[in-house]
Amino acid sequence: PCHMDKTKSLGSNIINHANYSILNVLVAEAMGTFVLCTTVWEVAVSPLSKAGALAVIPIGFAVFLAHTVMLPIDGCSINPTRSFGPALVSHMRGCAANDAAGMKDLWVMCVGPLLGAAASAGVAKVFRPPLKVAVAEEEKSLLNTA
């Protein structure tokens, strides 16, 4: 029931227009997603990572950091699919308290994370050595220490 939804938007990500501009939110979403994508690559995906099963700890900290900073800004999307579902259902349910802000702001919750993910991939391409070279150097160093 609509009267029981304390968020008045079914948990949709909505920009806090009273304190932040759309540009502020785009930058915040991009930065949060950049931190998350870079962390996931470095600790969970990269074959050079030694984190193993402990990779979940820095990933969890990256998500915590993003939420700590971004909850008052827009509810912290950093994941367009997480923002899409609540925005769509909130828009469809038709409660009087809901002004469809989740759908109006949805483009920001998609573009910001896409920019952040692209920036993370760009930084990876520029600053990380080619994977074959990095793995070969790692194997060489392991052989030298044995």
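In short, a report on the structure. (Residues numbered from 1 in each chain as written. Predicted model: local features only at pLDDT ≥ 70, side-chain atom pairs only at ≥ 80, totals over all residues. Heavy atoms only, no water.)

**Brief notes about the nonpolar core**
Working step 1: Ile15, Val25, Met70, Cys76, Ile78 and Val108 are the most contacted members of the largest nonpolar core, which totals 15 residues.
Working step 2: When contributions to this core are tallied by element, the ones reaching two or more residues are α1 (22-45), α2 (56-74) and α5 (106-127).
Working step 3: Excluding residues within four positions of it along the chain, Ile78 makes contact with Glu29, Gly32, Thr33, Leu36, Ala66, His67, Met70 and Pro113. (Core = buried A, V, L, I, M, F, W, Y, C linked by side-chain atoms within 4.5 Å. Buried < 20%, exposed > 50% of the residue type's maximum accessible area, 1.4 Å probe, protein only. Helix = DSSP H or I, 4+ residues; strand = E, 2+ residues; numbered from the N terminus. Contact = heavy atoms within 4.5 Å.)

**Some words on a nonpolar patch on the surface**
Working step 1: Taken together, the side chains of Leu54, Val56, Ile57, Phe61 and Phe64 make up a nonpolar region of the molecular surface, amounting to roughly 570 Å² of accessible area.
Working step 2: In this structure, Ile57 sits in helix α2. (Patch = residues over 30% accessible without salt bridge, like charges linked within 9 Å, V, L, I, M, F, W, Y side chains within 5 Å. Areas by Shrake-Rupley, 256 points an atom, 1.4 Å probe, with all protein chains shown as cover. Salt bridge = Lys/Arg side-chain N within 4 Å of Asp/Glu carboxyl O.)

**Overview of the side chain of Ser83**
Working step 1: Structurally, the position occupied by Ser83 is in helix α3 (residues 80-93).
Working step 2: Non-local contacts of Ser83, meaning those with residues more than four positions away in its chain, are made with Asn13, Ser77, Leu106 and Met109.

**Some thoughts on unusual backbone geometry**
Working step 1: Of note, Cys76 is a non-glycine position whose phi angle comes to about 60°, a positive value.
Working step 2: Topologically, Cys76 is positioned in the loop between α2 and α3.
Working step 3: Not every positive phi belongs to a glycine, and Ile78 is a case in point at roughly 45°.
Working step 4: By secondary structure assignment, the location of Ile78 is in the loop between α2 and α3.
Working step 5: Judged by relative accessible area, which is 10%, Ile78 ranks as buried.

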